[in-house]
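So you can see what is in the structure, the chains are spelled out below.
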There are 2 protein chains.
Amino acid sequence: MKEGNKMMFQQVLPAEIEKRSFEIITQELGNTELDPLQAPIIKRVIHTTADFDYVENLCFSYDAVSRFQQAILNGACIVTDTQMAKAGINKKRLEKYGGEVYCFMSDEDVAVIARENQTTRAVASMDKASKLQKRLIFAIGNAPTALVRLYELMEQGRIRPEGIIGVPVGFVNVVAAKELIMQCEVPYIVAKGRKGGSNVAAAICNALMYEMV
Amino acid sequence: MKEGNKMMFQQVLPAEIEKRSFEIITQELGNTELDPLQAPIIKRVIHTTADFDYVENLCFSYDAVSRFQQAILNGACIVTDTQMAKAGINKKRLEKYGGEVYCFMSDEDVAVIARENQTTRAVASMDKASKLQKRLIFAIGNAPTALVRLYELMEQGRIRPEGIIGVPVGFVNVVAAKELIMQCEVPYIVAKGRKGGSNVAAAICNALMYEMV
């Protein structure tokens, strides 16, 4: 590499890159006051997106971080609405606590039921998840219809999630679906507004686990 | 659902949600002038992130969209630096053109070599990819070190990619690594600045394919 180009780069050991990134994020947050339990979650989402909007966007129900972590300690499984989020969640770490990650979006039965009911595969996936006899955390990074369906299933008493990570991204019914979840009694971590994504959903799951002993 | 809550939602058929989303994006872009070949790529990245910053951030080398699409038509494979990006790329669509998606990040040999060389797994992954006897597009959504390594491999004449999608996200050497790629002769699509991600990398790959006949 030319000398001029080399000068553009910081010398940081591979193992130190993440640490240095979090230092930069903390520095740029300056005097922004964050709840100490929420801070690592918010910072990891910023680390994943380079988007400081999440300082304002991320909303936590009362005592959410502790409740999600307790659920994971109790062996809760995580249900996601995308293969990308499933790929991004640290599954080895979750296994240590006895949990696993499910995504039913590519299942043939889900596709068939969604077609029959003229609904989304996300809705059919939530219905499938509601039949699992397990403690469940939902990590929704894509489909607002998944959040709406979870609301309905909770209203009907057909499901009682340990918590909902509600961070779908998008332009159609995304904001409303998130507002709906924030009306519920369920522990939630929600990214208000349009922003979010599978990467954000996975980052929140991982941040919760990385703060656990 | 209560009537008040129902009113928050637009009635949009599942199959129409994406179409409606793109309409909203187009509407909000207003008079922003976009190159007609680049527009679908930029809009799909906004669709994936709800972040209009990408209108400014996304940089295309001369004739990049056509060149990437030609490479895909010629059966190019895509190498990514995360399992998340691999999960997000439409692999069935790529297979139609004869390509497949590789991600070597979780390979045991890559981990061993990275440890031995005190480098990142992303660097070792790029070295592994350089030995593939195939047309390759690189879609880098996470590791700036992957972009730096691609630069070095090109300089040394050890690799000649069909194109590089350079959209790592982050705070350490991300900006510089992207600037480096934009100095190269290789066709590129790069998200200038800190923003990007596996989701963005996958969205660009998919947008390229969805505009192909």
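Caption draft 1: Seen up close, the overall build of chain A. Looking only at helices and strands, chain A has 12 helices and six strands in total. Here the C-alpha atoms of chain A give a radius of gyration of 18 Å, agreeing with the 17 Å that 2.2 N^0.38 yields for 213 residues. For chain A, the proportion of its 213 residues judged to be buried stands at 58%. Split by element, the accessible area of chain A, about 9700 Å² in all, is 46% carbon and sulfur. Separation between the mean location of the 25 positive side-chain charges and that of the 25 negative ones in chain A comes to 4 Å.

Caption draft 2: Highlighting the relation of the copies chain A and chain B. For the pair chain A and chain B, the superposition axis carries a translation of 0.0 Å, the fit reaches an RMSD of 0.0 Å, and the rotation angle comes to 180°. The superposition operator between the copies reduces to a two-fold rotation axis. Minimal C-alpha separation from the rotation axis in chain A is found for Met84 of chain A, amounting to 2.4 Å. Mapped onto chain B, 100% of the interface residues of chain A again fall at the interface, so both copies present the same surface.

Caption draft 3: Region of the structure containing the pattern of salt bridges. Here the structure, examined in full by the defined rule, presents 27 salt bridges over all chains. Note that Arg44 of chain A is salt-bridged to Glu18 of chain A, the shortest N-O span being 2.7 Å. Separated by 26 residues along the polypeptide, Arg44 of chain A in helix 3 (residues 39-49) and Glu18 of chain A in helix 2 (residues 17-29) bring together distant segments of the chain. Here Glu18 of chain A falls in the partly exposed class, since its relative accessible area comes to 37%. Its salt-bridge partner being Lys128 of chain B, residue Asp107 of chain B comes within 2.8 Å of it at the nearest N-O pair. Of this pair, Asp107 of chain B sits in the loop between strand 3 (101-103) and helix 8 (108-116) while Lys128 of chain B is found in helix 9 (residues 121-130), placing the two residues 21 residues apart along the sequence. Given the relative accessible area of 23%, Asp107 of chain B is considered partly exposed. Each of Asp51, Asp53 and Lys195 of chain A together with Asp51, Asp53 and Lys195 of chain B takes part in a single network of salt bridges with overlapping partners.

Caption draft 4: Geometry of the packing of aromatic side chains. Applying the stated criterion across every chain, the model contains four aromatic pairs over all chains. With a centroid separation of 6.1 Å and 85° between ring planes, the pair formed by Phe52 of chain A and Phe171 of chain B is classed as edge-to-face. Placement of the pair is Phe52 of chain A in the loop between helix 3 and helix 4 (54-57) and Phe171 of chain B in the loop between strand 5 (163-166) and helix 11 (174-182), with the two residues belonging to separate chains. Look at Phe171 of chain B and you get buried, because its relative accessible area is 8%.

Caption draft 5: Geometry of the confidence of the model for chain A. Residues with a pLDDT of 70 or more make up 100% of chain A, whose mean pLDDT is 96. For this predicted complex, the interface confidence comes out at an ipTM of 0.95, alongside a pTM of 0.96.

Caption draft 6: Representation of the packing of helix 10 (residues 144-155) of chain A against helix 11 (residues 174-181) of chain A. All names here are of chain A. Put simply, helix 10 and helix 11 touch, their axes get as near as 8 Å, and they point 30° apart. If you check the angle between helix 10 and helix 11, you find them roughly parallel. In the packing of helix 10 onto helix 11, the handedness of the crossing is left-handed. Where helix 10 abuts helix 11, its residues Pro144, Leu147, Val148, Tyr151 and Met154 lie against Val174, Ala177, Lys178, Leu180 and Ile181. Tallied by class, the residues present in the contact of helix 10 with helix 11 amount to nine nonpolar, no polar and one charged.

Caption draft 7: Main features of the pairing of strand 6 (residues 188-191) of chain A. All names here are of chain A. Every second residue of strand 6 is oriented toward a common face, with Tyr188 and Val190 on one face and Ile189 and Ala191 on the other, all of them buried. Where strand 1 (residues 58-60) meets strand 6, three bridges bridge the pair, whose relative direction is antiparallel. For Phe60, the partnering residue across the bridge sits in strand 6 and is Ile189. Pairing geometry for strand 5 (residues 163-166) and strand 6, over three bridges, is parallel. Opposite Gly166, over in strand 6, you have Val190 as the bridge partner. For the crossover that starts at strand 5, traverses helix 11 and ends in the parallel strand 6, the hand is right-handed.

Caption draft 8: Region of interest: unusual backbone geometry. Not every positive phi belongs to a glycine, and Ala50 of chain A is a case in point at roughly 55°. By secondary structure assignment, the location of Ala50 of chain A is in the loop between helix 3 and helix 4. Unlike most non-glycine residues, Asn173 of chain B shows phi in positive territory, near 65°. With respect to the helices, strands and loops of the structure, Asn173 of chain B is situated in the loop between strand 5 and helix 11. According to the relative accessible area criterion, Asn173 of chain B is buried, its value standing at 17%.

Caption draft 9: Region of interest: the sheet that holds strand 5 of chain A. Residue and element names in this part refer to chain A. In space, the six strands of this open sheet follow the order 1-6-5-4-2-3, with mixed pairing throughout. Lying at the two open borders of the sheet, with one neighbouring strand each, are strand 1 and strand 3 (101-103). Each neighbouring strand pair of the sheet contributes to a mean axis angle of 15°, computed without reference to strand direction.

Caption draft 10: Representation of the interface of chain A and chain B within the structure. Across the boundary between the two partners, chain A contributes 48 residues, which contact 48 residues of chain B. Viewed at the interface, chain B and chain A are joined by four salt bridges. In this structure, the salt-bridge partner of Asp51 of chain B is Lys195 of chain A, at a minimum N-O distance of 3.9 Å. The interface formed by chain A and chain B contains nine residue pairs in polar contact (both at pLDDT 80 or more). Counting only elements with at least two residues in the side of chain A that touches chain B, the list comes to helix 2, helix 3, helix 6 (83-88), helix 10, helix 11 and helix 12 (198-210) of chain A.

Conventions we followed
- Residues numbered from 1 in each chain as written.
- Chains lettered and ligands numbered in written order.
- Predicted model: local features only at pLDDT ≥ 70, side-chain atom pairs only at ≥ 80, totals over all residues.
- Heavy atoms only, no water.
- Helix = DSSP H or I, 4+ residues; strand = E, 2+ residues; numbered from the N terminus.
- Rg over C-alpha atoms; globule rule 2.2 N^0.38 Å.
- Buried < 20%, exposed > 50% of the residue type's maximum accessible area, 1.4 Å probe, protein only.
- Areas by Shrake-Rupley, 256 points an atom, 1.4 Å probe, with all protein chains shown as cover.
- Lys, Arg positive; Asp, Glu negative; His and termini not counted.
- Charge placed at Lys NZ, Arg CZ, Asp CG, Glu CD.
- Least-squares fit on C-alpha atoms with pLDDT ≥ 70 in both.
- Contact = heavy atoms within 4.5 Å.
- Salt bridge = Lys/Arg side-chain N within 4 Å of Asp/Glu carboxyl O.
- Phe/Tyr/Trp six-rings, centres within 6.5 Å; stacked < 30°, edge-to-face > 60°.
- pLDDT = per-residue confidence, 0-100.
- Axes fitted to C-alpha atoms, helices over the stretch in contact; angles between N-to-C directions.
- Parallel < 35°, antiparallel > 145°, perpendicular 65-115°, else oblique.
- Left-handed = near helix turned anticlockwise from the far one by under 90°.
- Nonpolar A, V, L, I, M, F, W, Y, C, P; charged D, E, K, R; others polar.
- Pairing = 2+ DSSP bridges.
- Right-handed = clockwise from strand over helix to strand, strands pointing away.
- Polar contact = N/O pair within 3.5 Å; in protein donor to acceptor, adjacent residues only side chain to side chain.

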